[in-house]
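# Descriptive structure summary
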Amino acid sequence: MKFISAFLLCCFLLAARGARAQSADEAFAALGGTSFDDIRRGVEMLSLSGSPQAINVVTALQAGNLFVRADHALFIKNADGSFSAAATGAPAPDVSADSVRAVRVNNAVRRAVDAALGSLRLFSPDPSVRMEGAQAVFISRDPAALPALDRAIAKESDSSVKTAMEQARAAAMLNSDETDETKLIAAVAAVRSRGDMEARSLLGSLSGKSPAVSAAAAAAVAAIDRSQQIWGLLQSVIYGLSLGSVLLLAATGLAITFGVMGVINMAHGEMVMIGAYVTFMTQQTIHAIAPGLQPISLLLSIPLAFVITGLVGVAVERGLIRFLYGRPLETLLATWGLSLILQQAVRSIFGPTNREVDSPAWMSGATQLGGVTLTYNRLYIIVFSLIVLFALMAALRYTPLGLRMRAVTQNRRMAAAMGIRTPWIDALTFGLGSGVAGMAGVALSQIDNVSPNLGQGYIIDSFMVVVFGGVGNLWGTAVSALTLGIVNKFLEPIAGAVLGKIVVLVLLILFIQRKPRGLFPLKGRAVEA
Amino acid sequence: MKVYAGRSGWIALAAILGFAALLGVLNLATAPTSSVHVPTYIVSLFGKYLTFAMLALAVDLVWGFAGILSLGHAAFFALGGYAMGMYLMRQIGARGVYANPTLPDFMVFLNWKELPWYWEGFNVFPFAMLMAMVVPGVLAFVFGYFTFRSRVSGVYLSIITQALTYALLLAFFRNDMGFGGNNGLTDFKDILGIPLQLDGTRVGLLIITAICLCIQLLVCRFIVLSRFGKVLIAVRDTETRTRFIGYRPEQYKLFVWTVSAIMAGVGGALYVPQVGIINPGEFAPANSIEAVIWVAVGGRGTLVGAILGAVLVNVGKTVFTGVLPELWLFALGGLFIFVTLFMPQGIMGLFAKRVRRRGEPELPAAEESAAREITG
């Protein structure tokens, strides 16, 4: 009995094998045919045959590399121009290019090819290819892929790929003439769990289904809309944080020069601009002398920009600003003049046109977080702005220089009596603020045009951020920059980009009326200084 | 009257009117080939300088005598200019490219069907001129009312005036505001039925501008030399003390602030027909700051100095941008730094000693009053 059953099993397996080989043969014969209908049928049969050569043949057909000889034998043209037999994959050295012609395709064949590739990829050993296959079936919703999907789901081990396949199966089933309500409702639930716009359009376009299925689909569409709304909200918050981090970067340096020292530096934007040009110069130099360092040229330009703009800042303080302490309005005018000179100097040296600063490869691209797309450069800028802010706070809090800076801004004469050289501390503080602006320039070179006018666009915003946050308060600056960024991005869809910005400016003007010292005014002795 | 003009004032009045008249005569009464002939573009150029002088006078009134450093005064100037521009647009009538009798070309281009309500009435000249003063005046009054009441002063005030003009700049760039968007208003044909391109019209506009400037100068002198002006100067120098004595500094500030905005608006209204265009670029914060430097060059708190500074800097600008365009920003930037460091009282400060010896009614010079503004 045992023997008989074993024999029967063997027979069965052999027959199955034979059937499979036979269907592959039939498929190749059809592919070698002359009518588009034959070719299309051949593709479909091939995709179901399970032949190991199937994926290569269909890929070759898609790329126009599948050729047929007069005797209907099929060959794949390899990248080096040689041919190999389509059915076995063995090299065919005796085939020459003029004895074969390409297999023709029309739109019906192309559709069949796409669907076939989708289901063929379902069996690839590479999980990411299987994932792609499942997505392709989901989008094509081809009921013909159902048997292949069933088999693929049965042997799938990767859970995320399996989920995608089940969703694809549900999509294909909703598109088939299946009438079993429970199966269809389960399919609707599976598609709903995907929750993106593709799923929504599929469920929204269902027709001719029973009332229960239609109701389930409508409920699913509503649920997807709700979750899309939440993702949209989250997206706005993240875009707002991104804009806010740019504002924060531009304003952090100003929070030192204006906030801590009380110097109205209208040339602050030009310090940012100089930082961006340092980035450009660093990149050019590295390109010329050490192309291997190209990927980290941006990282190298951060300290360089800090040092160079910091030195410019010290020079400006020693040469101009120290004569104007205690006369804020005159300082404002003189630094405005300075900003004109710096702009024109850069324009004379580098020309008025925009300069290209490359993004390193590790900064390009994007990642998908649920329903939110995050580009890496924005992400890095958010992180960078926070690092700069915290580094600056730590420097003010824990370094001897920071201690002296705080001492001088709180009580200049007492600090001097303690032996602190206040003029040098002034120069270094101003240099620090300018250096931070220079680092902001490195980051802004990645998202903005590097031109002599780069800084002008940020100066009003930066002052607004500092005043809104409360002068002399770095935490306030951070909160105000991020708040302004988010408010701006939430107003944009309602009012449009320009009007949104106007509304923010007007709100800020009104806010300063109510609280002239900003969100977080300093309290205690520091105010009296 | 003599006391309000003073010697330097009389000299300025005579110089402005005399020069304008001289330009007019040399333009109209000489042959184009004559060596003393003044081409019409020079006439309009000086007309433009005199409108800038009005803006400078307006800035000097608030900065020199009330200590309010406005970095947004060009907004009032531009608003006045837009009022005049709207009148001139309506004057074009059916002669525009699209030959629409009521709608200006840009509205036809944007497929607008009817005139927006705020364009109504601008075909009437007196109404348009009234608006050139009322709109900047009302904006300044509302802005000033809230700002001075909440005692925003010093640098904070400067920054929010800059935000104000920046917001207006962005707003006027928008096409759906109905002010021609980016291109602004231009292609004007005539004013009060007289073609703008005629030499006589240009000379007439110059003379009118000169007369208006003289009137504004006299009004300013009247304000600052009156009892009111003395309180104003007290507010500028020690606001807190003035308040404790029993005055209401915000009311004094609000009054001159509004008057100053109206003066700037008149300047803008006269600027537009002589230049032939008004666009949102006039709202740029840089323009307002440039106006401040005119005042600083001439001498803050001297009124006549503001006029002198505006004309001199702009003549310099015309010459420089013609001969060495790339050096102009260096020169302007250098001027900002030089004047603030070495000439805190401007050109008029150079004459100050001589004037004092002759026993004129002295205008108090503004210096070192800003020291206490640092902490806001």
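Just so we're clear, the structure is a prediction, and the values are computed from it rather than from any experiment. (Residues numbered from 1 in each chain as written. Chains lettered and ligands numbered in written order. Predicted model: local features only at pLDDT ≥ 70, side-chain atom pairs only at ≥ 80, totals over all residues.)

### Some remarks on the overall build of chain B
Note the following rule: Helix and strand assignments come from DSSP, with helices taken as H or I runs of at least 4 residues and strands as E runs of at least 2, each series counted from the N terminus. For this measure, only C-alpha atoms enter the radius of gyration; the expected value for a globule follows 2.2 Å times N^0.38, where N is the number of residues. A residue is called partly exposed when the number of other C-beta atoms within 10 Å of its own lies between 12 and 20, exposed at 12 or fewer, and buried at 20 or more, with C-beta atoms placed from the backbone.
Counting its secondary structure elements, chain B contains 14 helices and four strands. Its C-alpha radius of gyration of 21 Å places chain B within 12% of the 21 Å reference for a compact globule of 376 residues. In terms of overall dimensions, chain B has a C-alpha envelope of 60 × 55 × 45 Å along the principal axes. The buried share among the 376 residues of chain B stands at 49%.

### Section: the interface of chain A and chain B
To keep things clear, this is the line we draw: For every residue pair, C-beta atoms are placed from the backbone, and the pair is scored as a contact if these atoms sit within 7 Å.
Taken together, the contact pairs 36 residues of chain A with 42 residues of chain B. A total of 14 residues in the side of chain A that touches chain B trace back to one element, the largest contributor, which is helix α13 (residues 328-350) of chain A.

### Some words on the sheet that holds strand β2 (residues 74-77) of chain A
Residues and elements named next belong to chain A. To keep things clear, this is the line we draw: Each pair of strands is called paired provided DSSP finds at least two bridges between the two strands. Lines fitted to C-alpha atoms define the axes, with helix axes restricted to the stretch in contact, and inter-axis angles between N-to-C directions lie between 0 and 180 degrees.
Pairing within the open sheet is antiparallel, and its four strands lie in the order β3-β2-β1-β4. Only two strands of the sheet have a single neighbouring strand rather than two, namely β3 (83-85) and β4 (100-102). Strand-to-strand, the axes of this sheet are offset by a mean angle of 40 degrees, without reference to chain direction. When β2 meets β3, the two strands line up antiparallel, connected through three bridges. In the strand pairing of β3, Ile76 is matched with Ser84.

### Concerning the confidence of the model for chain A
Residues and elements named next belong to chain A. Cut-off, in case you're wondering: Confidence of the prediction at every residue is given by pLDDT, a number between 0 and 100.
Of all residues in chain A, 94% attain a pLDDT of 70 or more, and the chain-wide mean is 82. Across chain A, element-level confidence peaks in helix α12 (residues 297-319) with a mean pLDDT of 93 and bottoms out in helix α21 (residues 525-528) with 47. A low-confidence stretch, residues 11-19 (pLDDT under 50), is modelled with zero contacts involving residues beyond four sequence positions or located in other chains.

### As for the nonpolar core
Short version of the rule: A set of buried residues drawn from Ala, Val, Leu, Ile, Met, Phe, Trp, Tyr and Cys, joined through C-beta atoms within 7 Å, is what defines a nonpolar core.
Counting 199 residues, the largest nonpolar core has Ala53, Ala56, Leu57, Val292, Ile293 and Ile307 of chain B as the members making the most contacts within it. With residues up to four places along the chain from it excluded, the contact list for Ile307 of chain B reads Ala12, Ala53, Ala56, Leu57, Leu213, Leu217 and Gly298 of chain B. By size, the runner-up hydrophobic cluster in this structure holds 61 residues, among which are Ala86, Leu120, Ala172 and Ala190 of chain A.

### Regarding the environment of Val213 of chain A
All names here are of chain A. The residue Val213 is located in helix α10 (residues 211-260) in this model. Classification of Val213 as buried rests on a count of 20 C-beta atoms within 10 Å. The spatial distance from the C-alpha of Val213 to the C-alpha of Pro93 is 57 Å, given a sequence separation of 120 residues. In this structure, Val213 is in contact with Glu181, Leu184, Ile185 and Val188, ignoring residues within four places of it in sequence.

### Focus: helix α4 (residues 107-121) of chain A
Since the α-helix turns once every 3.6 residues, residues separated by three or four places project in the same direction. Residues and elements named next belong to chain A. Going by this rule: Expected helix span is computed as 1.5 Å times (number of residues minus one).
When the terminal C-alpha atoms of α4 are compared, their 21 Å separation across 15 residues agrees well with the 21 Å that a helix rising 1.5 Å per residue should span. Within α4 the residues assigned to the buried category are Val109, Ala112, Val113, Ala115, Ala116, Leu117, Gly118, Ser119, Leu120 and Arg121. On the buried face of α4, the contacting elements are α2 (36-49), α3 (54-63), α5 (127-140) and α6 (146-155).

### Considering the packing of α10 of chain A against helix α11 (residues 268-289) of chain A
All names here are of chain A. The condition that has to hold: If an angle is under 35 degrees, it is roughly parallel; if it is over 145, roughly antiparallel; if it lies from 65 to 115, roughly perpendicular; otherwise it is oblique. With the far helix as reference, a near helix turned anticlockwise by less than a right angle produces a left-handed crossing, and one turned clockwise produces a right-handed crossing.
One way to put it is that α10 packs onto α11 with a least axis distance of 10 Å and a crossing angle of 130 degrees. Between α10 and α11, the angle is such that the two are oblique. In this structure, α10 meets α11 at a crossing whose hand is right-handed. Facing Ala250, Gly253, Leu254 and Thr257 of α10, the residues of α11 in contact are His268, Met271 and Val272.

### Side note on the packing of α10 of chain A against helix α18 (residues 456-469) of chain A
Residue and element names in this part refer to chain A. Where α10 meets α18, the closest approach of the two axes is 8 Å, and the angle between their N-to-C directions is 65 degrees. Judged on the interaxial angle alone, α18 and α10 are roughly perpendicular. The way α10 lies across α18 gives a crossing that is right-handed. Facing α10, whose interface residues are Leu247, Ala250, Ala251, Leu254, Ala255, Phe258 and Gly259, α18 presents Tyr458, Asp461, Ser462, Phe463, Val465 and Val466.

### Structural notes on unusual backbone geometry
All names here are of chain B. Positive phi is not limited to glycine here, since Ala99 has a value of about 55 degrees. Structurally, Ala99 is set in the loop between α3 (73-92) and α4 (105-109). Phi at Arg151 is positive, roughly 60 degrees, even though this residue is not glycine. Its place among the elements puts Arg151 in the loop between α5 (125-149) and α6 (154-173). By the C-beta count within 10 Å, which is 16 here, Arg151 ends up partly exposed.

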